[in-house]
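As a plain string of letters, each chain reads:
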Amino acid sequence: MLVNGEKLSYNETMLHCSNNKKNNNVTMSNTVSDSDKFRLRQRKTEYIADKLVEKFNAPQWRKFFLKIAWHLSENAIWSTLEMAFTKKVTKPLNYFIAACNKQMAEVSLRS
């Protein structure tokens, strides 16, 4: 991204840009707005859900995958996915769903 002819780094680009109406200059703020954080989290959630749909070839479970991607940590999801595809597990999708449901119950008890 270019601002006043100067190329910004990735981190600077990720900062919230606001348009200064008085002189039409782009100004940078040091904080990311809540709506930007929400959109970033939403995109990350959709990315995780899409990867899970692809991995399990189960588009009918996308809504569930979105839910777990929103509530569970990314580490918990990928660890559970690895466990689901071990040799001992005969039905990876069933294992993954059951394990995630259990983790979701634990998360809701902590809240």
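To be clear, the structure that these remarks concern was listed above.
These remarks concern the structure in this document. For every chain, the first residue of the written sequence is number 1, and numbering continues from 1 onward in sequence order. Only residues with pLDDT of at least 70 get local features here, since the model is predicted, and only at 80 or more are side-chain atom pairs given and counted; chain-wide, interface and lining totals rely on the full set of residues. To obtain the side-chain values, all non-hydrogen atoms of the structure were used and water was disregarded.

Moving on to the overall build of the protein. A run of DSSP states H or I qualifies as a helix once it reaches four residues; a run of E qualifies as a strand once it reaches two. Both are numbered from the N-terminal end. Helix and strand counts for the protein come out as five helices and four strands. When the helices and strands of the protein are read in sequence order from the N terminus, they spell out β-β-α-β-β-α-α-α-α. Here the protein, with 111 residues, has 24% of them falling under the buried criterion. By definition in these notes, contact holds between two residues if any of their heavy atoms fall within 4.5 Å. A fraction of 41% describes how many contacts in the protein between residues 6 or more apart in sequence connect residues 24 or more apart. Of the roughly 8,500 Å² of accessible surface on the protein, 53% is carried by carbon and sulfur atoms. Summary of the burial criterion: residues with accessible area below 20% of their type's maximum are buried, those above 50% are exposed, and those between are partly exposed, where the area comes from a 1.4 Å probe applied to protein chains only. What sets the accessible areas is the Shrake-Rupley method with a 1.4 Å probe; for residues, cover comes only from the shown protein chains.

Moving on, we get to the packing of helix α4 (residues 74-84) against helix α5 (residues 92-110). At a closest axis distance of 9 Å, the pairing of α4 and α5 adopts a crossing angle of 145 degrees. Here the hand of the crossing between α4 and α5 comes out right-handed. Residues Ala-76, Ile-77, Thr-80, Leu-81, Met-83 and Ala-84 of α4 form the contact with α5, whose participating residues are Pro-92, Tyr-95, Phe-96, Ala-99, Cys-100 and Gln-103. Under this grouping Gly is polar, as are all residues other than the nonpolar Ala, Val, Leu, Ile, Met, Phe, Trp, Tyr, Cys and Pro and the charged Asp, Glu, Lys and Arg. Residues belonging to the contact of α4 with α5 are distributed by class as follows: ten nonpolar, two polar and no charged. Axis definition: a line fit to C-alpha positions, over the contact stretch in the case of helices; interaxial angles, taken between N-to-C directions, run 0 to 180 degrees. Crossings are classed by handedness, with left-handed meaning an anticlockwise turn of the near helix from the far one by less than a right angle and right-handed meaning a clockwise turn.

Our next topic: the pattern of salt bridges. Salt bridge criterion: a side-chain nitrogen from Lys or Arg within 4 Å of a carboxyl oxygen from Asp or Glu. All chains considered together, the criterion is met by three salt bridges. A salt bridge links Asp-36 to Arg-39; its shortest N-O distance comes to 2.5 Å. With a gap of three residues between them, Asp-36 and Arg-39 both fall in helix α2 (residues 34-56), about one helical turn apart. Judged by its relative accessible area of 17%, Asp-36 is buried.

By the burial criterion, the buried members of α4 are Ala-76, Ile-77, Thr-80, Leu-81 and Ala-84. Axial view of α4: buried residues confined to an arc of 135 degrees, hence all on one face. Exposed and facing more than 90 degrees away from the buried side of α4 are Asn-75 and Glu-82. Working definition: the arc comes from the directions between the helix axis and the C-beta atoms, pointing outward to the latter.

The subject of this paragraph is the side chain of Thr-45. Tracing the backbone through its elements, the reader meets Thr-45 in helix α2. A residue is classified by how much of its surface remains accessible, and Thr-45, at 7% relative accessible area, is buried. Leave out the neighbours within four places in its chain, and Thr-45 touches Leu-66, Ala-69 and Trp-70.

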